[in-house]
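Residues per chain, in single letters:
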Amino acid sequence: MAKSHPVDAHVGVRMRQRRTLLGMSQTKLGDAVGLTFQQVQKYERGSNRVGSSRLYEFAKALDVPVSYFFDEMPGNVLSGRPMAAKVKKGGGFGEAGTPFTTEKDPLIKRETLQLVRAYYKIREGSVRKRIYELVKTMGAASNAERASKKK
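Residues numbered from 1 in each chain as written. Predicted model: local features only at pLDDT ≥ 70, side-chain atom pairs only at ≥ 80, totals over all residues. Heavy atoms only, no water.

Visitor: What is the right way to read a nonpolar patch on the surface from this model?
Guide: Judged by side-chain polarity, Ile131, Leu134, Val135 and Met138 come together as a nonpolar surface patch covering roughly 370 Å² of accessible area. Of note, isoleucine 131 is situated in helix α8 (residues 125–150). Judged by its relative accessible area of 33%, isoleucine 131 is partly exposed. (Patch = residues over 30% accessible without salt bridge, like charges linked within 9 Å, V, L, I, M, F, W, Y side chains within 5 Å. Areas by Shrake-Rupley, 256 points an atom, 1.4 Å probe, with all protein chains shown as cover. Salt bridge = Lys/Arg side-chain N within 4 Å of Asp/Glu carboxyl O. Helix = DSSP H or I, 4+ residues; strand = E, 2+ residues; numbered from the N terminus. Buried < 20%, exposed > 50% of the residue type's maximum accessible area, 1.4 Å probe, protein only.)

In C-alpha cells:
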C-alpha cells in the first residue's frame, strides 16, 4: 500500500480538526458532500487524495476558506520530505524544535476542541474574558511551579 503524501495527511488533520471543532460527525460531513463516513475517514487519515473540487466542497461544508486546509503546514511537509519515515521514529507533524507531534498536539485533542466549543457557547463576552484570564493565570502558575520543582 502506498504511503500518504505529507500534504494529504496535513489536509486530513486540518479537516478533522475543523469537523470536530464544529461538533460535526463524519456521517454529517459525508452527507454534506455526497460521501460515506468511511470515505470521509480516509480523507481525514490522508489515505485518499483530495481533488480541488472535493476540497472546495469540504471547505463549504466546514465553513472555511480552502486555504484553511493548508494553514500551519509544517516545514517537513513544505519541503516535500516523506513523513512516513518520521512517524516510525516517533515524529509527526510538529516541526523540529517544537514539542508537538500529531498525537501530542493539544490543538487536535478532543478535550481541547470540546473546551473551545463550550467556551464559545458562553454568550457574555465579559464572562468569556474572565474565564480566559483565569485559565491563562492558572497555566502560568502551573508552569512556574513545574519550573521551580526542576531546580
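Visitor: For this particular structure, what's the right way to read the packing of helix α1 (residues 6–21) against helix α4 (residues 52–62)?
Guide: Geometry of a packed helix pair, given as the angle between the helix axes and the separation of the axes. At their nearest, the axes of α1 and α4 sit 10 Å apart, and the two run at 20 degrees to each other. Put simply, α1 runs roughly parallel to α4. Between α1 and α4 lies a crossing whose hand is left-handed. Residue-level inspection shows Val11, Met15, Arg18 and Arg19 of α1 in contact with α4, the latter providing Leu55, Phe58 and Leu62. Here the residues of the contact of α1 with α4 are counted per class, giving five nonpolar, no polar and two charged. (Axes fitted to C-alpha atoms, helices over the stretch in contact; angles between N-to-C directions. Parallel < 35°, antiparallel > 145°, perpendicular 65-115°, else oblique. Left-handed = near helix turned anticlockwise from the far one by under 90°. Contact = heavy atoms within 4.5 Å. Nonpolar A, V, L, I, M, F, W, Y, C, P; charged D, E, K, R; others polar.)

Visitor: Please explain unusual backbone geometry as it appears in this structure.
Guide: Glycine aside, a negative phi is what most residues show, and trans is what most peptide bonds show. Although it is not a glycine, aspartate 63 adopts a positive phi angle of roughly 55 degrees. Mapped onto the elements, aspartate 63 comes out in the loop between α4 and α5 (75–78). Located in the positive-phi region is glutamate 72, a residue other than glycine, with phi close to 55 degrees. Mapped onto the fold, glutamate 72 is located in the loop between α4 and α5. For glutamate 72, a relative accessible area of 57% gives the class exposed.

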